[in-house]
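Architecture and fold: a report
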There are 2 protein chains.
Amino acid sequence: MKAIVPFKVINAKSRLSSLLTVEERTILARLMLQDITRTLKDSGLKVTLLTTMPFEWDAEIIVSEKDLNSALNDFLCVQDEPVMIVMADVPLISHKNVADMLNSPAEIVISPGRGGGTNVQFIRHPKKYHVDYYGASFLDHVRIAADNGLSVEVFDSFNTSSDIDEVGDLVELYIHGKGDASRYLRSITKLDTSKGRVKVVRG
Amino acid sequence: MKAIVPFKVINAKSRLSSLLTVEERTILARLMLQDITRTLKDSGLKVTLLTTMPFEWDAEIIVSEKDLNSALNDFLCVQDEPVMIVMADVPLISHKNVADMLNSPAEIVISPGRGGGTNVQFIRHPKKYHVDYYGASFLDHVRIAADNGLSVEVFDSFNTSSDIDEVGDLVELYIHGKGDASRYLRSITKLDTSKGRVKVVRG
């Protein structure tokens, strides 16, 4: 069974730039990708990276200059086996999360991200489905599944719903992370517990 | 088995004031409380509200002028049965979430909130435990359980991790809510899908 992870090689995680330098963001993005790749591989999935330029990684690489949706849909429409699509900024994903998605009886398992996004999808019959990652993609994916007569499970997980996209998201990785990305983040930042929600600030 | 829900009667959800009027916030807070109360009762729990002033609600009411931690710990230390503590701004909590927490083999089940918070806790032996809701309460609660030799499950749920505290959180209720609070929110606001994460804006 395959997992495909879209990964932005250059200027990754630009929305973290108010807290982290470009070098730190590059390291963090690659460590998140490493944690995710390892979890997926340990769960028995064959990992493919989807990038916009050549990149060295211990995985199959597909380079496409198309937009994300077109590149993913080009991939899905030639797959005979189930496919899991995992965003590269969901480092808390666990072996149990992957196993639970694989074991779902639904034809499409959708893990919502924050703010209407889609962080992980498990697609049992890729040729019968297509993705649309712009706008409120969670609602779009539920609709696309319904339009194609496919059963849907909304996957209820804090881990997979936590996409690390903005500075305010880093606290989830800092507090709940168990992998290399969280260790790195904890080495360069600290927690500010002074008021309201806890935040990650410079060390 | 009991559930206790702390509820702020006056000026509830003040951090939503940049989008919602005081009247709208009052209605939304009560509808969230109603959705939560109904889910807990339907799951077989006896619901108690903890408030700082007298309040009419279809539940037992405890009025305490103490701070949140002291008031909750006063309650816990006289309970012989298990207790679930549910924050009043977690309207997505489902029957399955409650059942899964009740069925956990752990002595303490902790559902993290965003930014280091604690949204729901299930405490099997309340007399052996106490709460500390300030700062990074998730980390504090894990530590308090460990200090008392109690086993912990970190409850991995998007529903229960979604506390509706800031304007940016409303989108989760708008998109994923199935109860009266979400219907009300959808009647007075709309989604802005123009860029990045989707947001709730005025209709």
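Residues numbered from 1 in each chain as written. Chains lettered and ligands numbered in written order. Predicted model: local features only at pLDDT ≥ 70, side-chain atom pairs only at ≥ 80, totals over all residues. Heavy atoms only, no water.

Formally: UniProt positions are given in the numbering used here, feature names are shortened, and annotations may be inferred rather than shown by experiment.
If you check an unreviewed UniProt entry, chain A appears there as 2-phospho-L-lactate guanylyltransferase from Methanooceanicella nereidis. Here is the UniProt Sequence similarities (unreviewed entry) comment for chain A, exactly as written: "Belongs to the CofC family."

**Focus: the interface of chain A and chain B**
Condition: Any two residues having at least one pair of non-hydrogen atoms within 4.5 Å are treated as being in contact. Once two parts are brought into contact, the accessible area they lose, counted with a 1.4 Å probe and summed over both, makes up the buried area. When a carboxyl oxygen of Asp or Glu is within 4 Å of a side-chain nitrogen of Lys or Arg, the pair counts as a salt bridge. Polar contact is defined as a pair of N or O atoms within 3.5 Å, subject to the rule that within protein one atom must be able to donate a hydrogen and the other to accept it, and that residues adjacent in sequence are counted only when both atoms are side-chain atoms.
With 29 residues of chain A at the interface, the matching set in chain B holds 29 residues. Carbon and sulfur atoms supply 54% of the area that chain A and chain B bury against each other, a total of about 2,300 Å² over both sides. The three residues of chain A that bury the most area against chain B are Asp156, Phe158 and Arg197 of chain A, which together make up 31% of that side's buried surface. Scanning the region where chain A abuts chain B turns up six salt bridges. The residue glutamate 166 of chain B makes a salt bridge to arginine 197 of chain A at a minimum N-O spacing of 3.5 Å. Between chain A and chain B we count 18 residue pairs in polar contact (both at pLDDT 80 or more) in total.

**Observations regarding the pairing of strand S6 (residues 118–123) of chain B**
All names here are of chain B. As a reminder of what qualifies: We call a residue buried when its accessible area falls under 20% of the maximum for its residue type, exposed when it is over 50%, and partly exposed in between, using a 1.4 Å probe and counting protein chains only. Comment: elements are numbered from the N terminus, with helices defined as DSSP H or I runs of at least four residues and strands as E runs of at least two. The pairing criterion for strands is at least two bridges between them, as found by DSSP.
With six of six residues buried, S6 is to be regarded as a mostly interior element. For strand S5 (residues 108–112) and S6, the ladder comprises five bridges, and the chain directions are antiparallel. In the sheet register, serine 111 faces S6, and the bridge partner there is valine 120. Hairpin remark: S5 followed by S6, antiparallel, with five residues in the connecting loop; positive phi at glycine 115, about 65°.

**Notes on the relation of the copies chain A and chain B**
What relates the pair of chain copies is a rotation about an axis plus a shift along that axis. Applicable threshold: In superposing the copies, a least-squares fit is computed on C-alpha atoms, taking residues whose pLDDT is at least 70 in both.
When chain A is fitted to chain B, the best match, at an RMSD of 0.0 Å, comes from turning it 180° and sliding it 0.0 Å along the axis. In the structure described here, the two chain copies are related by an operation that fits a two-fold rotation axis. A high fraction, 100%, of the interface residues of chain A reappear at the interface in chain B, so the copies pair face to face through one surface.

**What about unusual backbone geometry?**
Residues and elements named next belong to chain A. Positive phi, normally seen in glycine, also occurs at lysine 13, with a value near 55°. Its location among the elements puts lysine 13 in the loop between strand S1 (2–6) and helix H1 (22–42). Owing to a relative accessible area of 16%, lysine 13 belongs among the buried residues under this scheme.

**Details of the packing of aromatic side chains**
For any pair of aromatic rings, the description rests on two quantities: the centre-to-centre distance and the angle between the ring planes. All names here are of chain A. We apply this condition: Ring geometry is summarised as follows: Phe, Tyr and Trp rings, the Trp one being its six-membered ring, pair when their centres sit within 6.5 Å, and such pairs are stacked at plane angles under 30 degrees, edge-to-face over 60 and tilted between the two.
Summed over all chains, the structure comprises four aromatic pairs over all chains. When the ring of phenylalanine 55 is compared with that of tryptophan 57, the centres are 5.7 Å apart and the planes differ by 15°; the resulting orientation is stacked. The exposure class of phenylalanine 55 is buried, given its relative accessible area of 12%. Looking at tryptophan 57, the relative accessible area reads 22%, which means it is partly exposed. Ring pairing ties together the aromatic residues Phe7, Phe55 and Trp57, which thus form one cluster.

**Structural notes on the pairing of strand S8 (residues 189–192) of chain A**
All names here are of chain A. In the sheet, S8 pairs with strand S9 (residues 199–202) via four bridges, with the strands oriented antiparallel. Directly across from threonine 189, in S9, lies its bridge partner arginine 202. Adjacent in sequence and paired antiparallel, S8 and S9 are bridged by six residues, among which glycine 196 carries a positive phi angle near 55°.

**Some points on the pattern of salt bridges**
Applying the stated criterion across every chain, the model contains 38 salt bridges over all chains. Put simply, lysine 13 of chain B and aspartate 89 of chain B hold a salt bridge, and the shortest N to O gap is 3.1 Å. With lysine 13 of chain B in the loop between strand S1 (2–6) and helix H1 (22–42) and aspartate 89 of chain B in the loop between strand S4 (83–86) and helix H3 (95–102), this pair connects stretches of sequence that are 76 residues apart. Residue classification places aspartate 89 of chain B among the buried residues on the basis of a relative accessible area of 10%. By sharing partners, the salt bridges in this structure join Lys13, Arg15, Asp89, Arg114, Asp163, Asp165, Glu166, Asp169 and Glu172 of chain A together with Arg197 of chain B into a single network.

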